[in-house]
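Next come the chains, spelled out residue by residue.
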Amino acid sequence: VMPGSLVAQMNDFLGVLSALAGDKGVDVRKYVCRSIVTLLSVRPEFLHDHMVPVSQFMLTATSDQNEDVALEACEFWLVFSSFDEGMVTAEMVAAIES
């Protein structure tokens with residue numbers, strides 16, 4: 001369950017995550033990955049319109065020089081691959097393929 005106040009401010013939250021994605025701090029990048037994975041697990045519809053940049057970031061993060069960041073990013077792909085076919089849209093697949 002996600003707090004209603006976060007849901008109401010989701011676009012702002014996603015904007016902040018996007019701004020922090022390129023941060024030099026390892027912990028910051030790790031928590032950005034973790035936040036994205038949590039959103040994908042709990043409320044994937046919030047990431048639907050952002051799958052291209054999210055998937056590009058996560059692909060880059062899986063090869064981060066810091067192992068902790070890379071492991072957090074790998075969780076994204078584990079969660080994504082666990083979706084049943086009914087949850088994965090053609091747009092999501094196209095975003096991942098691009």
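Residues numbered from 1 in each chain as written. Predicted model: local features only at pLDDT ≥ 70, side-chain atom pairs only at ≥ 80, totals over all residues. Heavy atoms only, no water.

**Focus on the overall build of the protein**
- Counting its secondary structure elements, the protein contains six helices and zero strands.
- Helices (α) and strands (β) of the protein occur, in sequence order from the N terminus, as α-α-α-α-α-α.
- Whereas a compact globule of 98 residues would reach a radius of gyration of roughly 13 Å, the protein reaches 13 Å, a difference of no more than 12%.
- When the backbone C-alpha atoms are referred to their principal axes, the protein occupies close to 35 × 30 × 20 Å.
- Here the protein holds 98 residues, and the buried ones make up 33% of them. (Helix = DSSP H or I, 4+ residues; strand = E, 2+ residues; numbered from the N terminus. Rg over C-alpha atoms; globule rule 2.2 N^0.38 Å. Buried < 20%, exposed > 50% of the residue type's maximum accessible area, 1.4 Å probe, protein only.)

**Observations regarding the side chain of R29**
- Structurally, the position occupied by R29 is in helix α3 (residues 26–42).
- Residue class for R29 comes out buried when judged on its relative accessible area of 13%.
- Only 2.9 Å separates the side chain of R29 from the backbone oxygen of K24, close enough to count as a polar contact.
- Here the side chain of R29 touches D64 through a polar contact of 3.0 Å, side chain to side chain.
- Those residues in contact with R29, other than ones at most four positions away along the chain, are A21, D23, K24, D64, N66 and V69. (Polar contact = N/O pair within 3.5 Å; in protein donor to acceptor, adjacent residues only side chain to side chain. Contact = heavy atoms within 4.5 Å.)

**Some thoughts on helix α5 (residues 67–82)**
- Its 16 residues place the ends of α5 23 Å apart at the C-alpha level, agreeing with the 22 Å of an ideal helix rising 1.5 Å per residue.
- Here the buried face of α5 lies against α3, α4 (51–61) and α6 (90–97).
- Between a side-chain oxygen at the N-terminus of α5 and the backbone nitrogen of D68 the separation is 2.9 Å; the capping residue is N66. (Expected span 1.5 Å × (residues − 1).)

**Thoughts on the nonpolar core**
- Core analysis: the biggest nonpolar cluster contains 26 residues, and I36, L39, L47, F57, M58 and F76 have the highest contact counts within it.
- Contributing elements (two or more residues each) for this core: α2 (10–20), α3, α4, α5 and α6.
- Of the residues forming this core, the biggest block, six residues, is contributed by α3.
- Not counting the four nearest positions on each side in its chain, I36 is found in contact with L17, L47, V54, F57, M58 and F76. (Core = buried A, V, L, I, M, F, W, Y, C linked by side-chain atoms within 4.5 Å.)

**Brief notes about the pattern of salt bridges**
- Scanning the model with the defined rule gives four salt bridges in all.
- Note that D64 and R29 form a salt bridge whose closest N and O atoms lie 3.0 Å from each other. Residue D64 is located in the loop between α4 and α5, and its partner R29 is located in helix α3; the two are separated by 35 residues in the primary sequence.
- Measuring nitrogen to oxygen at the nearest pair gives 2.4 Å for the salt bridge that ties R43 to E45.
- By relative accessible area, R43 is classed as partly exposed at 27%. (Salt bridge = Lys/Arg side-chain N within 4 Å of Asp/Glu carboxyl O.)

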